[in-house]
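# Summary of structural features
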Amino acid sequence: MAEIELRGIGKSWGSFVGVKDVNLTIADEELIVLLGPSGCGKTTTMRMIAGLEEPTGGEILIGGESVTDVDARDRDVAMVFQSYALYPNMTIYENIRFPLRMRGVPKEEQSTLVQRAADMVELGDFLHRKPGALSGGQRQRAALARAVVREPQAFLMDEPLSNLDAKLRAAMRVHIKHLQRQLKITTVYVTHDQIEAMTLADRIVIMQGGEIQQIGAPDQIYSDPANTFVAGFIGSPPMNLITGRVADGAFGAPGVEIPDVPVDDGRAVTLGVRPEDCKVATEGAHLNASVYGVEPTGDVTILTLKTDTDTIEVKADRDFRAELGSPCKITFDTDRLYYFDADAGQRIRTT
Ligand code: ATP
């Protein structure tokens, strides 16, 4: 158990910058999620913490000690990957025991530790089987047990649930969070799945183009995004972003008019509004658009609307239905509107 500190770490290959000047302190016992699209640098950042990739700049500390020049096997971190990386010829018992043997844990302690780790992931009755005789979810749990068996200083998990189907993924998410809370081991978890990030993390680190865009608790990232990238990445469907201009105190874009906005006249602005803050209306609308798609999901209906320039998604009542191409009026919850600089994408703080 330990704090992990990244001080200005970066990674370049020739002139290509994969990770740029990342500064991040992960508290002892914290579960932090590195989130971002493919190629944003999250895996490289995690591999540098693991010691599998050498930074081209900066320093990494684990438990207050610099490990920048320490070999991966001496860093006392355990990794869980998307591919389970179990040895197919060994039983589950032998697979889980493997890190104990490598570390020279006395033989008489090994079987107790293996049994305890297997019980934690509910695999206690499967120890005699080979990986080939387990389901995907059970194999991933075996990989987890192998990571927890020696209680390392930190867990590093790289998309560990990507190979599982949606239902199993949701179940394993709860399992991992429970286990992490139980063991109180500092954890870095890499994913491109924002739902996974929102549900698992104490704090989310959102990356793009090798740089950190925002760090915050899930609620904070959702309700207080720093820029259009974060706003458009989080949420399902994500925040609607509509680019327009402020004139005479009102925001205007094709099909959109919002009076009395707290932004200076003449400014090019991107308006942000979440689908759940839009309401189908009969009058006093902020948005006039036409219906492009109607998708009932059971608890809500996702309504896709088009203006001349934008596509806007709305969470409508579960029984809302409309003809494709028909006109539709929407009001926005004006207490929950966001404004961003149209060019830089940074949030314009209005209070
Ligand atoms: P994914 O979700 O697809 O794994 P990621 O966010 O984890 O993406 P990284 O694997 O960290 O992304 O890669 C960051 C960038 O660095 C990418 O553009 C990638 O192509 C590049 N990169 C990674 N490894 C190397 C390498 N060995 N040589 C050159 N470029 C690399």
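Cut-offs and rules
Residues numbered from 1 in each chain as written. Predicted model: local features only at pLDDT ≥ 70, side-chain atom pairs only at ≥ 80, totals over all residues. Heavy atoms only, no water. Helix = DSSP H or I, 4+ residues; strand = E, 2+ residues; numbered from the N terminus. Contact = heavy atoms within 4.5 Å. Pairing = 2+ DSSP bridges. Axes fitted to C-alpha atoms, helices over the stretch in contact; angles between N-to-C directions. Parallel < 35°, antiparallel > 145°, perpendicular 65-115°, else oblique. Left-handed = near helix turned anticlockwise from the far one by under 90°. Nonpolar A, V, L, I, M, F, W, Y, C, P; charged D, E, K, R; others polar. Domains from an automatic or database assignment. Buried area = accessible area lost by both parts, 1.4 Å probe. Salt bridge = Lys/Arg side-chain N within 4 Å of Asp/Glu carboxyl O. Polar contact = N/O pair within 3.5 Å; in protein donor to acceptor, adjacent residues only side chain to side chain. Buried < 20%, exposed > 50% of the residue type's maximum accessible area, 1.4 Å probe, protein only. Near = heavy atom within 4 Å. Core = buried A, V, L, I, M, F, W, Y, C linked by side-chain atoms within 4.5 Å. Phe/Tyr/Trp six-rings, centres within 6.5 Å; stacked < 30°, edge-to-face > 60°. Lys NZ or Arg CZ within 6 Å of the ring centre and 35° of its normal.

### Considering the environment of Ala342
- Topologically, Ala342 is positioned in the segment after strand E20 (338–341).
- In this structure, the C-alpha to C-alpha distance between Ala342 and Gln153, residues 189 residues apart in sequence, is 44 Å.
- Setting aside anything within four residues of it in sequence, one finds Ala342 in contact with Thr243, Ala268, Val269 and Thr270.

### What to know about the sheet that holds strand E7 (residues 154–158)
- Taken in spatial order, the six strands of this open sheet run E6-E7-E8-E3-E9-E10, and their pairing is mixed. The outermost strands of the open sheet, each flanked by one partner alone, are strand E6 (77–80) and strand E10 (211–216). Sheet twist, expressed as the average angle between the axes of neighbouring strands with direction ignored, equals 20 degrees.
- Sheet topology note: the E6/E7 ladder contains four bridges and is parallel. Within E7, the residue paired with Val80 across the bridge is Met157.
- Packed on one face of the sheet, helix H4 (residues 136–148) meets E6 and E7 and runs near 175 degrees to E6.

### Focus: the packing of helix H2 (residues 92–102) against H4
- At a minimum axis distance of 7 Å, the contact between H2 and H4 shows a crossing angle of 30 degrees. In terms of orientation, H2 lies roughly parallel with respect to H4. Helix-helix and strand crossings are classified by hand; for H2 and H4 the assignment is right-handed. Mapping the contact onto sequence places Ile92, Asn95, Ile96 and Pro99 in H2 and Ala142, Ala145 and Arg146 in H4.
- The class makeup of the residues in the contact of H2 with H4 is five nonpolar, one polar and one charged.

### Points about the domain arrangement of the protein
- What the domain assignment lists for the protein is domain 1 (4–229) and domain 2 (238–341).
- With five residues of domain 1 at the contact, the number on the domain 2 side is seven residues.
- For the pair domain 1 and domain 2, the summed buried surface comes to about 530 Å²; carbon and sulfur atoms form 59% of the total.
- Among the residues of domain 1 in contact with domain 2, Tyr222, Pro225 and Thr228 are the three that bury the most area, contributing 82% of the side total.
- Scanning the region where domain 1 abuts domain 2 turns up zero salt bridges.
- At the surface where domain 1 touches domain 2, the tally comes to three residue pairs in polar contact (both at pLDDT 80 or more).
- Here the side of domain 1 that touches domain 2 is built from residues that sort into two nonpolar, three polar and no charged.

### Comments concerning H2
- Residues of H2 that are buried: Ile92, Asn95, Ile96, Arg97, Pro99 and Leu100.
- Along its buried surface, H2 packs onto helix H3 (107–120) and H4.
- One or two residues past the end of H2 sits Gly104, with phi positive at roughly 70 degrees.

### Structural notes on the site of the ligand
- Close to the ligand lie Trp13, Phe16, Gly18, Pro37, Ser38, Gly39, Cys40, Gly41, Lys42, Thr43 and Thr44.
- Backbone polar atom of Cys40 to an oxygen atom of the ligand: 2.9 Å apart, as the coordinates give it.
- Between an oxygen atom of the ligand and a side-chain N or O atom of Thr44, the distance comes to 2.5 Å.
- Mapped onto the shell around the ligand, the elements with two or more residues apiece are strand E2 (16–26) and helix H1 (42–50).
- No other element matches H1, which puts three residues into the shell around the ligand.
- When the residues that make up the shell around the ligand are grouped by side-chain class, the tally is four nonpolar, six polar and one charged.

### A word on the pattern of salt bridges
- Counted according to the given criterion, the structure contains 14 salt bridges.
- With its nearest N and O atoms 2.9 Å apart, the salt bridge here joins Arg7 to Glu5.
- Of the charged contacts, one joins Arg73 and Asp71 as a salt bridge, the two residues approaching to 3.4 Å between their closest N and O atoms.
- For Arg73, a relative accessible area of 64% translates into the label exposed.
- Residue Asp71 is classed as partly exposed on the basis of its relative accessible area, which comes to 39%.

### Let's talk about the nonpolar core
- Counting 45 residues, the largest nonpolar core has Val33, Leu35, Ile96, Leu144, Phe155, Tyr189 and Ile206 as the members making the most contacts within it.
- Core analysis: the next-biggest nonpolar cluster, separate from the first, contains 27 residues, Ile242, Leu303, Phe320 and Ile330 among them.

### Some words on the packing of aromatic side chains
- A complete count under the given rule lists two aromatic pairs for this structure.
- Ring centres of Tyr87 and Phe98 lie 4.9 Å apart, and the angle between their planes is 55 degrees; this geometry places the pair in the tilted category. With Tyr87 in the loop between E6 and H2 and Phe98 in helix H2, this residue pair connects regions lying eleven residues apart in the sequence.
- With a relative accessible area of 36%, Tyr87 lands in the partly exposed category.
- For Phe98, a relative accessible area of 22% translates into the label partly exposed.
- Here Phe229 and Phe233 contribute two aromatic rings whose centre-to-centre distance is 5.5 Å and whose plane-to-plane angle is 20 degrees, an arrangement assigned as stacked. Of the two residues, Phe229 and Phe233 are both situated in helix H8 (residues 228–233); the distance of four residues between them amounts to about one turn of the helix.
- For Phe229, a relative accessible area of 19% puts it in the buried group.
- Sitting above the plane of the Tyr222 ring, Arg274 keeps its charged end 3.8 Å from the centroid.
- The positively charged end of Lys306 is found above the aromatic ring belonging to Tyr292, 4.6 Å away from the centroid.

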